[in-house]
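Chain and residue survey
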Amino acid sequence: MSTPHVVVVMGVAGTGKTTIGPLLAEALGVPYAEGDDFLPAGNIAKMSAGVALDDADRGPWLDAIGRWAHGRAGLGGVVSCSALKRNYRDRLRAAAPDVEFLHLTGDRALIERRMAERTGHFMPTALLDSQFATLQPLRGDEAGVAVDVSGSPQEITERAVAALRRLED
């Protein structure tokens, strides 16, 4: 890509944001920030208890990610953030207008299996239904692309880089 952009790797839990984000950042030659690192401790405790976050819970988290993205404007970067609703993405764009979204999509059964296989993550599989219920896919007027998460992390990353490059054309 000609000018480094900030890319938000978005999608429901278990799509591989934390796996693909660093690989994408490496491929683009920009830094990566883990969206979970911006979560307030209370949000993590709530999700660990199997309780879905509401919009009020997500506000400070989105604002922190937006500040990071704004600080990377013109320099580029990749950050993971579920960004499930349009108004969440609008909030991120208000802070960093040139942000682009990479929506990791996939079959629910595949995502659930991957969630069940991972260890050491606070998000329980039980919240996957609420994630899908909340998800509002990217619309045509939003700068971003959707990439399927089937295949290896390297294959997904290669598809993501190619899709983002097409977005630039």
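The rules behind these values
- Residues numbered from 1 in each chain as written.
- Predicted model: local features only at pLDDT ≥ 70, side-chain atom pairs only at ≥ 80, totals over all residues.
- Heavy atoms only, no water.
- Helix = DSSP H or I, 4+ residues; strand = E, 2+ residues; numbered from the N terminus.
- Rg over C-alpha atoms; globule rule 2.2 N^0.38 Å.
- Buried < 20%, exposed > 50% of the residue type's maximum accessible area, 1.4 Å probe, protein only.
- Contact = heavy atoms within 4.5 Å.
- Areas by Shrake-Rupley, 256 points an atom, 1.4 Å probe, with all protein chains shown as cover.
- Axes fitted to C-alpha atoms, helices over the stretch in contact; angles between N-to-C directions.
- Left-handed = near helix turned anticlockwise from the far one by under 90°.
- Nonpolar A, V, L, I, M, F, W, Y, C, P; charged D, E, K, R; others polar.
- Pairing = 2+ DSSP bridges.

Let's talk about the overall build of the protein chain
The number of helices and strands found in the protein chain is seven helices and five strands. The globule rule puts the C-alpha radius of gyration for 169 residues at 15 Å, and the 15 Å found for the protein chain is close to it. Overall size of the protein chain, expressed as C-alpha extent along the three principal axes, is 45 × 35 × 30 Å. A total of 169 residues make up the protein chain; the buried ones form 45% of that total. Across the protein chain, every contact between residues at least 6 apart in sequence was considered, and the portion connecting residues at least 24 apart equals 74%. Working note: accessible area of the protein chain is about 7800 Å², and carbon and sulfur atoms make up 53% of it.

Notes on the packing of helix 3 (residues 55–71) against helix 4 (residues 86–95)
For the pair helix 3 and helix 4, interaxial distance at closest approach is 8 Å and the crossing angle is 35°. Crossing handedness for the pair helix 3 and helix 4: right-handed. Touching D55, R58, G59, L62, D63, I65, G66, R67 and H70 of helix 3 are N87, Y88, R91, L92 and A95, all from helix 4. Of the residues contributing to the contact of helix 3 with helix 4, the split by class is five nonpolar, four polar and five charged.

Digging into the sheet that holds strand 5 (residues 144–148)
Taken in spatial order, the five strands line up as 2-3-1-4-5 in an open sheet, and their pairing is parallel. The sheet is open, and its two edges are formed by strand 2 (32–33) and strand 5, each paired on a single side. As paired strands, strand 4 (residues 100–105) and strand 5 are joined by five bridges and run parallel to one another. Looking at the pairing, F101 lines up with G144 of strand 5. Across the sheet, helix 1 (residues 17–28) is in contact with strand 1 (6–10), strand 2, strand 3 (77–80) and strand 4; its angle to strand 1 comes to roughly 160°. The sheet strands contacting helix 3 are strand 1, strand 2 and strand 3, and the helix crosses strand 3 at an angle near 170°.

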